[in-house]
Amino acid sequence: MLYFLIALTLGSYFTFAAVQGDYGVFRQVEISAEAEGLKVERDKLAAELSEMQNRTKRLSDDYLDLDLLDEQAREVLGYVRADEIVIR
């Protein structure tokens, strides 16, 4: 009877640890969900980085986009030409 009780206790413990332990089934599902969320965030940040690299290249000395330069001057410095009317 004692052996049966010990075997039942150990079996219950290992089953509980396999399902809800640090490396159990539920923890693996949580890790997978977190990994998917981080992949989405990584892709969003990669797209943002690509956009920033594109804008930096377009404002560099080697390749100057005058339209982008004009847009940035208007936005950051509040630049307005004399023949324009600004409505706020």
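Structure first, text after, so check above.
Throughout, residues of each chain are indexed from 1 in the direction in which the sequence is written. Under the rules for a predicted model, residues below a pLDDT of 70 receive no local features and side-chain atom pairs below 80 are neither given nor counted, while totals for whole chains, interfaces and linings still include all residues. With hydrogens and water excluded, all non-hydrogen atoms of the structure serve as input to the side-chain values.

### Comments concerning the environment of Ala7
Reasoning step 1: Take Ala7: it is sitting in helix H1 (residues 2–20).
Reasoning step 2: Judged by relative accessible area, which is 47%, Ala7 ranks as partly exposed.
Reasoning step 3: Distance in space between the C-alpha atoms of Ala7 and Ala33 is 35 Å, their sequence separation being 26 residues. Comment: elements are numbered from the N terminus, with helices defined as DSSP H or I runs of at least four residues and strands as E runs of at least two. Burial classes follow relative accessibility: with a 1.4 Å probe on protein chains only, a residue under 20% of its type's maximum area counts as buried, one over 50% as exposed, and anything between as partly exposed.

### A look at the pattern of salt bridges
Reasoning step 1: Between Lys or Arg on one side and Asp or Glu on the other, a salt bridge is scored when a side-chain nitrogen of the former is within 4 Å of a carboxyl oxygen of the latter. If you walk through the whole model with that rule in mind, you get seven salt bridges.
Reasoning step 2: Residue Asp65 is joined to Arg58 by a salt bridge in which the shortest nitrogen-to-oxygen separation is 2.8 Å.
Reasoning step 3: By relative accessible area, Asp65 is classed as buried at 19%.
Reasoning step 4: Within the structure, one salt-bridge network assembled from shared partners comprises Glu51, Arg55 and Glu71.

### Quick word on helix H3 (residues 66–77)
Reasoning step 1: Expected span of a helix, by definition, is 1.5 Å for each gap between consecutive residues, and there is one gap fewer than residues. Here H3 contains 12 residues, and its C-alpha end-to-end distance of 16 Å stays within 8% of the 16 Å for a straight helix at 1.5 Å per residue.
Reasoning step 2: Whenever two N or O atoms come within 3.5 Å, that pair is a polar contact, provided that in protein one can donate a hydrogen and the other can accept it, and provided that, for residues adjacent in sequence, both atoms are side-chain atoms. If you check the start of H3, you find a side-chain oxygen 3.3 Å away from the backbone N of Asp67, and it comes from Asp65.

### A look at the environment of Ala46
Reasoning step 1: In this structure, Ala46 sits in helix H2 (residues 25–58).
Reasoning step 2: A relative accessible area of 45% places Ala46 in the partly exposed class.
Reasoning step 3: For the pair formed by Ala46 and Leu5, sequence separation is 41 residues and the distance between their alpha carbons is 57 Å.

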